[in-house]
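A structural walkthrough
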Amino acid sequence: MFYLIAYISSVVLINYAFSSAPHLDVIWSAWGGLVFILRDMVQTRYGHGALLAMLVALVLSYATSEPAIALASATAFFVSELIDWLVFSITRRPLRDRLWLSSALSIPVDTFIFFGMIGALTPAVIGTALASKFAGVTVVWLIMAWRARRALAAS
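Residues numbered from 1 in each chain as written. Predicted model: local features only at pLDDT ≥ 70, side-chain atom pairs only at ≥ 80, totals over all residues. Heavy atoms only, no water.

1. Description of the overall build of the protein
Looking only at helices and strands, the protein features 6 helices and 0 strands. Walking the protein from its N terminus toward its C terminus, one meets helices and strands in the order α-α-α-α-α-α. Taken against the 2.2 N^0.38 rule, which gives 15 Å for 155 residues, the C-alpha radius of gyration of the protein at 15 Å falls within 12% of a compact globule. For the protein, the spread of C-alpha atoms along the principal axes amounts to about 50 × 30 × 25 Å. Out of the 155 residues in the protein, the part that is buried amounts to 45%. Counting only contacts in the protein whose residues sit at least 6 apart along the sequence, the fraction spanning at least 24 positions is 71%. For the protein, the computed accessible surface area is about 8000 Å², with 75% contributed by carbon and sulfur atoms. Of note, the protein has its 10 positive side-chain charges centred 16 Å away from the centre of its 7 negative side-chain charges. (Helix = DSSP H or I, 4+ residues; strand = E, 2+ residues; numbered from the N terminus. Rg over C-alpha atoms; globule rule 2.2 N^0.38 Å. Buried < 20%, exposed > 50% of the residue type's maximum accessible area, 1.4 Å probe, protein only. Contact = heavy atoms within 4.5 Å. Areas by Shrake-Rupley, 256 points an atom, 1.4 Å probe, with all protein chains shown as cover. Lys, Arg positive; Asp, Glu negative; His and termini not counted. Charge placed at Lys NZ, Arg CZ, Asp CG, Glu CD.)

2. Structural notes on the nonpolar core
Among the nonpolar cores identified, the biggest contains 27 residues, and Tyr7, Met54, Phe114 and Phe115 are the most heavily contacted of them. The set of elements that each furnish at least two residues to this core consists of α1 (2–20), α2 (25–46), α3 (49–64), α4 (67–90), α5 (95–117) and α6 (123–154). Ranked by the residues each element gives to this core, the list is headed by α1, at 8 residues. With residues near it in sequence (within four places) discarded, Tyr7 still touches Val35, Leu38, Arg39, Val42, Ala50, Ala53, Met54 and Phe77. (Core = buried A, V, L, I, M, F, W, Y, C linked by side-chain atoms within 4.5 Å.)

3. A few points about the packing of α3 against α4
Where α3 meets α4, the closest approach of the two axes is 9 Å, and the angle between their N-to-C directions is 165 degrees. With respect to each other, α3 and α4 are oriented roughly antiparallel. In this structure, the crossing between α3 and α4 has a hand that is right-handed. Touching Ala50, Leu51, Met54, Leu58, Ser61 and Tyr62 of α3 are Pro67, Ala70, Leu71, Ser73, Ala74, Phe77 and Glu81, all from α4. Residues that form the contact of α3 with α4 fall into these classes: 10 nonpolar, 2 polar and 1 charged. (Axes fitted to C-alpha atoms, helices over the stretch in contact; angles between N-to-C directions. Parallel < 35°, antiparallel > 145°, perpendicular 65-115°, else oblique. Left-handed = near helix turned anticlockwise from the far one by under 90°. Nonpolar A, V, L, I, M, F, W, Y, C, P; charged D, E, K, R; others polar.)

4. Things to note about the packing of aromatic side chains
Each pair of aromatic rings is reported with the distance of its centres and the angle of its planes. The tally for this structure, following the rule as stated, stands at 5 aromatic pairs. Summarising the aromatic geometry, the rings of Phe18 and Phe115 are spaced 5.6 Å apart at their centres and angled 65 degrees between planes, so their arrangement reads as edge-to-face. In this pair, Phe18 sits in helix α1 while Phe115 sits in helix α5, placing the two residues 97 residues apart along the sequence. On the basis of an interplanar angle of 80 degrees and a centroid distance of 5.1 Å, the ring pair of Phe114 and Phe115 is categorised as edge-to-face. An identical accessibility class is assigned to Phe114 and Phe115; each is buried. (Phe/Tyr/Trp six-rings, centres within 6.5 Å; stacked < 30°, edge-to-face > 60°.)

5. Regarding the environment of Leu121
Counting through the fold element by element, Leu121 comes out in the loop between α5 and α6. Residue Leu121 is classed as partly exposed on the basis of its relative accessible area, which comes to 44%. Discounting residues that sit within four places of it in the chain, Leu121 has contacts with Phe112, Phe115, Gly116 and Ile126.

6. A closer look at the UniProt feature "transmembrane region" (unreviewed entry) in the protein
Here, the residues flagged by UniProt with the feature "transmembrane region" (unreviewed entry) are residues 45–63, 69–87, 99–118 and 124–146. The annotated region residues 45–63 carries 89% helix and 0% strand content, and the separation between its end C-alpha atoms amounts to 27 Å. (UniProt positions renumbered as here; feature names shortened; annotations may be inferred.)

7. Structural notes on α1
Structural remark: α-helix, 3.6 residues per turn; residues separated by three or four positions point the same way. Taking 1.5 Å per residue as the helical rise, α1 with its 19 residues ought to reach 27 Å, and the 26 Å between its terminal C-alpha atoms agrees with that figure. Restricting attention to buried positions, one finds in α1 the residues Leu4, Ala6, Tyr7, Ile8, Ser10, Val11, Val12, Ile14, Asn15, Ala17, Phe18 and Ser19. (Expected span 1.5 Å × (residues − 1).)

The following block contains the structure:
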């Protein structure tokens, strides 16, 4: 439940932050890295329920943010979620590998769609967004790999 609440709250708060203080877009783009990790954790625990969670987050975003920000968020999410769904459906790799692979494919697409639609497609924002998102998913991958090795050694 923690990941679900954290995910929905982060989407809403980031969209609100972009709406209320767009000049801090580099900061908000760094925070965006957390959303991908939370989304993957929600998807892992609730499967396609992640779509319902995103729908709730988008409805709340439309109520609290500029409609253009909420629309950009929804569009970027739809495309990146489709990529995630394909990776999770097609590959049979361990979960940690599917998380990293889906992120490697969906993060750049999501980033360019969202920031392109809100007119903030600058090198600093793109660099910050990509670096924070990839750093976050890599840390999760490393933790999961470490746990798998530890469990294998224990058995």
